[in-house]
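One-letter residues, chain by chain:
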Amino acid sequence: MKSHDVIVVGNGLAGAALSYELAKSGCSVLLMDDGNYDSGTRYSYGGIGWWAGTTDLTETLFNEGMTRHRELPDELGADTQLRELDLLLTVNKGANVEQLIESYQVFRTPPRFVSAAEACDIEPQLNADVIEGAFTIRHGHVNPMGLVTAYNQAFRRLGGLHNMTPVQGLVRVGDKVTGVLTEAQAYPAKTVIVAAGAYSRQLVQAAGLTVPLFFTHAEIIETPPLAVEVRSLIMPAANSRFEKEAEAAEQSSLWQTADTEIMPAVLEAGVIQFADKTARIGQISRFHTAYMPTADASTSGQALQDAIAHQVPALKDVAGSWRHCLVTFTQDGLPLLGPIPGVSGLHLFSGFTGPFALVPPVAQRYARHLAGKPESLADKMLDQMLVDRFAVSA
Ligand SMILES: Cc1cc2nc3c(=O)[nH]c(=O)nc-3n(C[C@H](O)[C@H](O)[C@H](O)COP(=O)(O)OP(=O)(O)OC[C@H]3O[C@@H](n4cnc5c(N)ncnc54)[C@H](O)[C@@H]3O)c2cc1C
């Protein structure tokens, strides 16, 4: 059995980008995916918040991310449907606008607040009667699976191998991980990189290690092509999800218990329409330790429909199917990458918040680093995202 330099587990955005960048850096790579398309990437809006940097690190990476997105269609030889659109972060009637404006100053390039009438000029489908106004800024956008497919095709052209087989476990010999296990066989590699989204936690745990990677259950409605046209990406301005994620990450003992709700769900009414006129209406996020869906699809679907119809009446009772996926997060909002302490040969590449902005540049930097490219060996940006910034239990 041929041993690879690297096995990457998971073909969401993280695994697809990293496997391509590693192959481009000269590594022999096997990409393994279970073919379960209910991934965070599959149901993503695909927004690229290039403007949302709050620190030197995120500002630099988000800018690099936008540059990388502009390079990728030519480099990968495929259309990723990259475009710019208006982001509208709606402010509900009665909300404290001044307080929200103040809170948006945290961003290095804050979106500007516009009145309800101006917001409706930008997006005529919005209901001016139910909002005070909206924050708006130009936002990047790609087709999520279009980008993954583009990375995969270019990866295979570079000689990368793509195996559609679920990984059932890691081969651990003492303090060394030497490969992965599928139902049929073991695949050896010098380094295994787990980029399996929320399932990364489960896979690493099966090898006897716990990493501080958490997840929400995200629920959306996916529609067929619609006659109605929604031009912008609409989401709520008041967003408690990120605070709740940080709070949930502190409940480390609860995360060790199966089938436990960590805290109540959050509903953020939002919508994006793609080039083929299909739309994704989101999003409910549930904090629950089970890996299977815990919600009643029809109740959740109705709640999503009602919430979006309030803001975008043309979407009332629109046809669509309820979908569920898991989305990862970390305690400090930065990804978890690099060697997992306690064993050798095992790395993590997961936990991205805002992955469409962050993954392309971080995958490129990380692949160069792993391949030993001299300019990347002392990458201070990567240092800030390493797994070992947190205590990891063995
Ligand atoms: C409604 C919604 C809107 C979003 N909007 C945005 C947005 O606008 N911008 C943004 O940046 N992000 C957004 N996100 C978040 C984001 O898109 C995803 O969380 C992200 O793409 C995660 O990528 P990933 O590769 O880390 O994980 P995933 O996409 O979850 O991929 C993990 C992959 O690993 C595979 N896998 C798992 N276990 C195994 C195994 N044992 N063996 C083999 N393969 C395995 C899975 O099948 C999957 O293909 C949104 C998410 C949702 C749900």
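See the structure shown above.
The sections below set out a description of the structure shown in this document. Counting starts from 1 at the beginning of each chain's written sequence and moves along it residue by residue. The model is predicted, so local features are restricted to residues of pLDDT at least 70 and side-chain atom pairs to those at 80 or more, both for listing and for counting; the totals for chains, interfaces and linings are taken over all residues. Side-chain descriptors were evaluated using all non-hydrogen atoms of the structure, hydrogens and water having been removed beforehand.

## Looking at unusual backbone geometry
Glycine aside, the phi torsion of most residues is negative, and most peptide linkages are trans. Our working definition: Secondary structure elements follow DSSP: runs of H or I no shorter than four residues count as helices, runs of E no shorter than two count as strands, and numbering proceeds from the N terminus.
The linkage connecting Gly282 with the following residue, Gln283, adopts the cis geometry, with an omega of -20 degrees. Within the secondary structure, Gln283 sits in strand E14 (residues 279-288). The phi torsion at Asp259 lies on the positive side, around 50 degrees, for a residue other than glycine. The topology assignment puts Asp259 in the loop between helix H7 (241-249) and strand E13 (261-273).

## Points about the site of the ligand
This is how it is decided: Think of it this way: one heavy atom of a residue within 4 Å of a molecule or strand is enough to make that residue near it. For the purposes of these results, a polar contact is taken to be a pair of N or O atoms within 3.5 Å, where, inside protein, one atom must be able to donate a hydrogen and its partner to accept one; residues adjacent in sequence count only when each atom of the pair is a side-chain atom. Here the accessible surface of atoms and residues is derived via Shrake-Rupley with a 1.4 Å probe, and residues count as covered only by protein chains that are part of the display. Only Asp, Glu, Lys and Arg are considered charged in this grouping, and only Ala, Val, Leu, Ile, Met, Phe, Trp, Tyr, Cys and Pro are considered nonpolar; every other residue, Gly among them, is considered polar. Domain start and end points were adopted from an automatic or database domain assignment.
Looking at the ligand, there are 32 residues lining it, with Asp34, Thr41, Gly47, Val167 and Phe356 nearest. Taking Ser44, its side chain carries an N or O atom lying 2.9 Å from an oxygen atom of the ligand. Summarising the interface, the protein chains cover 92% of the accessible area of the ligand, which totals 1,000 Å² for the free molecule. Put simply, the parts of the chain that give the shell around the ligand at least two residues each are helix H1 (13-24), helix H6 (199-206), strand E11 (214-222), strand E15 (321-329) and helix H9 (355-370). Split by residue class, the shell around the ligand holds 17 nonpolar, 13 polar and two charged. The two domains that each donate at least three residues to the shell around the ligand are domain 1 (4-79 + 144-212 + 332-389) and domain 2 (83-141 + 214-329).

## Structural notes on H6
This is how the line gets drawn: Between buried and exposed lies partly exposed: a residue is buried under 20% and exposed over 50% of the maximum accessible area for its type, with that area taken using a 1.4 Å probe on protein chains only. In this description, one arc is meant: the one made by directions from the helix axis to the C-beta atoms. Throughout, a residue-residue contact means that at least one pair of heavy atoms, one from each residue, lies within 4.5 Å.
Turning to H6, its buried residues number three or more, namely Ser200, Arg201, Leu203 and Val204. Buried residues of H6, viewed axially, fall in a sector of 170 degrees; they line one side. Buried residues along H6 sit in contact with strand E1 (4-9), strand E8 (169-173), strand E10 (186-194), E11 and strand E17 (346-350). Within two residues after H6, Gly208 carries a phi angle of roughly 85 degrees, on the positive side.

## So, the nonpolar core
What counts, and what does not: Throughout this description, the term nonpolar core refers to a set of buried Ala, Val, Leu, Ile, Met, Phe, Trp, Tyr and Cys residues connected via side-chain atoms within 4.5 Å.
In this structure, Leu18, Leu22, Tyr151, Leu337, Phe349, Phe352 and Val362 are the most contacted members of the largest nonpolar core, which totals 63 residues. When residues are assigned to domains, this core turns out to be shared by domain 1 (4-79 + 144-212 + 332-389) and domain 2 (83-141 + 214-329), each giving three or more. Other than its neighbours up to four places away in sequence, Phe352 contacts Ala14, Thr328, Pro335, Leu337, Leu358, Val359 and Val362.

## Topic: H1
Inclusion rule: Here the expected span of a helix is defined as 1.5 Å times the quantity of residues minus one.
For H1, built from twelve residues, the straight-helix expectation of 16 Å at 1.5 Å per residue is met to within 8% by its first-to-last C-alpha distance of 17 Å. When you tally the buried positions in H1, you get eleven out of twelve residues, the bulk of the element. Among all positions of H1, only Leu13, Ala14, Gly15, Ala16, Ala17, Leu18, Ser19, Tyr20, Glu21, Leu22 and Ala23 are buried. Positive backbone phi, approximately 100 degrees, marks Gly26, located one or two places after H1.

## Describing the packing of aromatic side chains
How we decide: The pairing test for Phe, Tyr and Trp rings, Trp by its six-membered ring, is centres within 6.5 Å, and the orientation test on the planes gives stacked under 30 degrees, edge-to-face over 60, and tilted for anything in between.
Under the defined criterion, the tally for this structure stands at 14 aromatic pairs. Ring geometry for Phe113 and Phe135: centres 5.4 Å apart, planes at 65 degrees, overall edge-to-face. Of this pair, Phe113 sits in strand E5 (residues 112-115) while Phe135 sits in strand E6 (residues 131-141), placing them 22 residues apart in sequence. Summarising the aromatic geometry, the rings of Phe214 and Trp255 are spaced 5.2 Å apart at their centres and angled 50 degrees between planes, so their arrangement reads as tilted.

## Quick word on the pattern of salt bridges
Pairing of side chains with opposite charge becomes possible as their charged atoms draw close. What counts here: Every case where a carboxyl oxygen of Asp or Glu lies within 4 Å of a side-chain nitrogen of Lys or Arg is listed as a salt bridge.
In this structure the tally under the stated criterion is 21 salt bridges. With a closest N to O distance of 3.6 Å, Arg241 and Glu245 form a salt bridge. In this pair, Arg241 and Glu245 both sit in helix H7, four residues apart, roughly one turn of the helix. A single network of salt bridges, built from pairs that share partners, joins Glu21, Lys24, Arg68, Glu71 and Glu75.

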